[in-house]
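A closer look at the structure
Residue strings, one per chain:
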Amino acid sequence: MRQARSCWPVLVNKAEDALNTAQNELTQALELVRQLEDSHQRLCKLYDEYRLQEQSRDGTVMGMQASMNHRQFMTQLLGLQQRVLMDLGKAQTSVTQIRKKRLQAEIELHKMQSLVEQDNKAVAQDVKRHEQKQMDELGVRQFILGMQN
């Protein structure tokens with residue numbers, strides 16, 4: 001009589017671990033995207049504030065050194081904005097890849113669970129056939145014994 005294979009539960013556990021790992025990676029990647037978006041918004045706000053400061057000084061004469069420092073700082077802010085945008089693009093690409101990886105892990109898990117179910121059904125059918133064979137043999141013996149009496 002056939003028994004359930006012991007490899008399927010191990011493979012299900014492995015698939016579950018892969019899915020959990022992918023889900024954790026996705027959570028971390030989404031958090032990074034959120035942090036980068038927040039950073040970009042803060043940099044944009046800071047840049048706008050400094051730009052408004054410059055515009056509000058219409059009549060006020062700023063020293064040459066202060067003016068150069070102000071422009072240099074604004075240029076650095078723009079550079080930081082561009083870098084954050086590049087990092088954000090990379091992080092979003094990473095999120096897309098991790099989502100695909102998670103989907104593959106989900107598919108693999110469902111496949112393994114399906115194989116476990118199929119194996120369990122096959123074992124149950126085998127047990128049922130074996131029990132039916134024993135019942136048939138018992139019935140034949142009883143019939144033969146009844147005929148001999």
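Each value, and the rule that gives it
- Residues numbered from 1 in each chain as written.
- Predicted model: local features only at pLDDT ≥ 70, side-chain atom pairs only at ≥ 80, totals over all residues.
- Heavy atoms only, no water.
- Helix = DSSP H or I, 4+ residues; strand = E, 2+ residues; numbered from the N terminus.
- Buried < 20%, exposed > 50% of the residue type's maximum accessible area, 1.4 Å probe, protein only.
- Salt bridge = Lys/Arg side-chain N within 4 Å of Asp/Glu carboxyl O.

A separate point is the environment of Met112. Looking at the secondary structure, you find Met112 in helix α2 (residues 64–148). Overall, Met112 belongs to the buried group, its relative accessible area being 9%. Taking C-alpha positions, Met112 is 62 Å from His70, a pair spaced 42 residues apart along the chain.

The next point concerns the pattern of salt bridges. Counted by the stated rule, this structure contains six salt bridges. Here Asp48 makes a salt bridge to Arg51, at a shortest N to O gap of 3.1 Å. Of the two residues, Asp48 and Arg51 both sit in helix α1 (residues 7–56), three residues apart, roughly one turn of that helix. The partner of Glu106 in a salt bridge is Arg102, and the shortest N-O contact between them spans 3.9 Å. Highlighted residues: Glu106 and Arg102, both in helix α2, separated by four residues, approximately one helical turn. A relative accessible area of 27% places Glu106 in the partly exposed class. A relative accessible area of 22% means that Arg102 is categorised as partly exposed. One network of salt bridges, with partners in common, ties together Glu31, Arg34 and Asp38.

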